[in-house]
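# Notes for the structure review
So the chains spell out like this:
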Amino acid sequence: MTRNDIYEEILWKKSDGLTPYPDALNFMATRSRQIHEGTADPVVWLVEHPPVFTAGTSAKQQDLYNPHHYPTYEAGRGGQWTYHGPGQRLAYVLLNLSHQNGTIPPKDLRAFVKGLETWIIETLRHLGVTAFTREGRIGVWAFDPLTGEEAKIAALGIRVSRWVSWHGVSINLDPALDDFDGIVPCGIREFGVTSLRRFNPTLSMEDLDRGRGAGGAPPIWSSPPRAGKKGGGLVDPPPK
């Protein structure tokens, strides 16, 4: 199999509506195993979730307040507590990292995370937002136009099983930012969160999805992921 064959196998899928978080976990667990076995293609899956708090492997119980009693789940990914909800775009990135992926060398987790960060930053740049990373701070940041302070606009959390990645990234389009008060996001108390709508109230989820592919292919693959068959939904619907 050539490198181009590998790139062309990456599928780009989007689910409409709100996907229950347990369904996403079940799908990723199944699909990552299939990718490892060579029986399914790598996939980038775009979803939104109902309001939930998810715990990474480093999450501390004292960082969960949850005044609205949203469901909580053990995610199995790296990191601490994260909020997901309507108005936030999740991109679950399931790739075989034992292969070269774009500019990312095989089995290089640091380069893979850097590639995801660059993908987010370039997406936001094409939407008119200057974003950046900070040493020692997880996620992607921007200066909130209302407060003038640095705030998180996107989060990363990955899991790697047998060199297949799952979980991925989230970007705040227009979630209920007050819901983030139910946790200490990613364990960082000193900074708040922001959203794309604070920069441009007219931006839509469609604008964000188009921006993810703007300006050429992101560094985690050498060409834009191909879409699945029309009307096909997910490659394999998430198990119920």
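The present account deals with the structure reproduced in this document. All chains use their own residue numbering, which begins from 1 and follows the written sequence. Predicted model: local features are reported for residues with pLDDT of at least 70 only, side-chain atom pairs are reported and counted for 80 or more only, and whole-chain, interface and lining totals are derived from all residues. For side-chain calculations, the full set of non-hydrogen atoms in the structure is used, while hydrogens and water are omitted.

Two strands are said to pair when DSSP picks up at least two bridges between them. Helix and strand labels come from DSSP, where a helix needs a run of H or I of at least four residues and a strand needs a run of E of at least two; each type is numbered from the N terminus. Sheet topology places strand 1 (residues 11-14) next to strand 2 (residues 43-47); four bridges connect them, and they run parallel. Bridging from a neighbouring strand, Trp12 pairs with Val44 of strand 2. With helix 2 (residues 21-37) bridging strand 1 and the parallel strand 2, this β-α-β connection has right-handed handedness. A right-handed crossover is one whose linking path, passing over the helix from the first strand to the second, runs clockwise when the strands point away from the viewer.

A few words on the packing of aromatic side chains. Whether two aromatic rings pair depends on their centres lying within 6.5 Å, for rings of Phe, Tyr and Trp, where Trp uses its six-membered ring; planes under 30 degrees apart make the pair stacked, over 60 edge-to-face, and the rest tilted. One pass over the structure, following the stated rule, counts 10 aromatic pairs. Centre to centre, the rings of Phe53 and Tyr70 are 5.9 Å apart; their planes meet at 50°, and the pair counts as tilted. Remark: Tyr70 occurs in the loop between strand 3 (52-55) and strand 4 (72-74) and Phe53 occurs in strand 3; sequence separation between them is 17 residues. Here's how the labels work: a residue is buried when its accessible area is under 20% of the maximum for its type, exposed when over 50%, partly exposed in between, all with a 1.4 Å probe on protein chains only. What makes Phe53 buried here is its relative accessible area of 1%. Ring geometry for Phe132 against Phe143: centres 5.4 Å apart, planes inclined by 50°, an arrangement best described as tilted. Taken together, the residues span a long stretch of sequence, with Phe132 in strand 7 (residues 132-134) and Phe143 in strand 8 (residues 137-143) at a distance of 11 residues.

In any sheet, the strands associate via hydrogen bonds between backbone groups, in a parallel or an antiparallel arrangement. Here three strands make up an open sheet; going across it, the order is 4-3-5 and the pairing mixed. Edge positions in the open sheet fall to strand 4 and strand 5 (81-84), since each of these has one partner strand only. Averaged over all pairs of adjacent strands, the angle between strand axes in this sheet comes to 25°, irrespective of strand direction. Pairing of strand 3 with strand 5, which is carried by four bridges, proceeds in the antiparallel orientation. When the sheet's bridge partners are listed, Phe53 is paired in strand 5 with Tyr83. Any two residues whose heavy atoms approach within 4.5 Å at even a single point are treated as in contact. Fitted lines through C-alpha atoms serve as axes, helices being fitted only where they are in contact, and the angles separating the N-to-C directions of these axes extend from 0 to 180 degrees. Lying on the sheet, helix 2 is in contact with strand 3, strand 4 and strand 5; it crosses strand 4 at an angle near 15°.

To continue, consider the side chain of Ser195. With respect to the helices and strands, the residue Ser195 is situated in the loop between strand 11 (192-193) and helix 4 (196-199). Excluding residues that lie within four positions of it along the chain, Ser195 makes contacts with Ile153, Asn172, Leu173, Asp174, Pro175 and Leu177.

To continue, consider the pairing of strand 6 (residues 88-94). Taking burial as the measure, the seven residues of strand 6 include seven buried ones, the bulk of the element. Taking every second residue as pointing to the same face, both faces of strand 6 are buried, with Gln88, Leu90, Tyr92 and Leu94 on one and Arg89, Ala91 and Val93 on the other. With five bridges connecting them, strand 2 and strand 6 associate as antiparallel partners. In the strand pairing of strand 6, Val47 is matched with Leu90. The pairing of strand 6 with strand 10 (residues 164-172) spans five bridges and is classified as antiparallel. Note that in strand 10 the partner of Leu90 across the bridge is Ser170.

Below, the discussion takes up helix 3 (residues 109-126). Compared with the 26 Å implied by 1.5 Å per residue over 18 residues, the 26 Å span of helix 3 between its first and last C-alpha is a close match. Two residues or fewer past helix 3, Gly128 is found with a positive phi of approximately 85°. Here the expected span of a helix is defined as 1.5 Å times the quantity of residues minus one.

What follows deals with unusual backbone geometry. Across the chain, the bulk of peptide bonds are trans and the bulk of non-glycine residues have phi less than zero. Of note in this structure, Asn66 is not a glycine but carries a positive phi near 50°. Here Asn66 shows up in the loop between strand 3 and strand 4. The class for Asn66 is buried, based on a relative accessible area of 10%. Although it is not a glycine, His69 sits at a positive phi angle of roughly 55°. Assignment of secondary structure puts His69 in the loop between strand 3 and strand 4. For His69, a relative accessible area of 69% corresponds to the exposed category.

Salt bridges are identified by distance alone: a Lys or Arg side-chain nitrogen within 4 Å of an Asp or Glu carboxyl oxygen. For the coordinates displayed, the defined rule picks out eight salt bridges. Among the ionic pairs, Arg89 bridges to Asp209, the shortest N-O distance being 2.9 Å. With Arg89 in strand 6 and Asp209 in helix 5 (residues 205-211), this pair connects stretches of sequence that are 120 residues apart. In this structure, Glu122 engages Arg125 in a salt bridge whose closest nitrogen and oxygen atoms are separated by 2.6 Å. Here Glu122 pairs with Arg125, and both are found in helix 3, just three residues apart, close to one helical turn. Exposure remark for Glu122: the relative accessible area of 30% places this residue in the partly exposed category. Residues participating in the shared-partner salt-bridge network are Lys14, Arg89 and Asp209.

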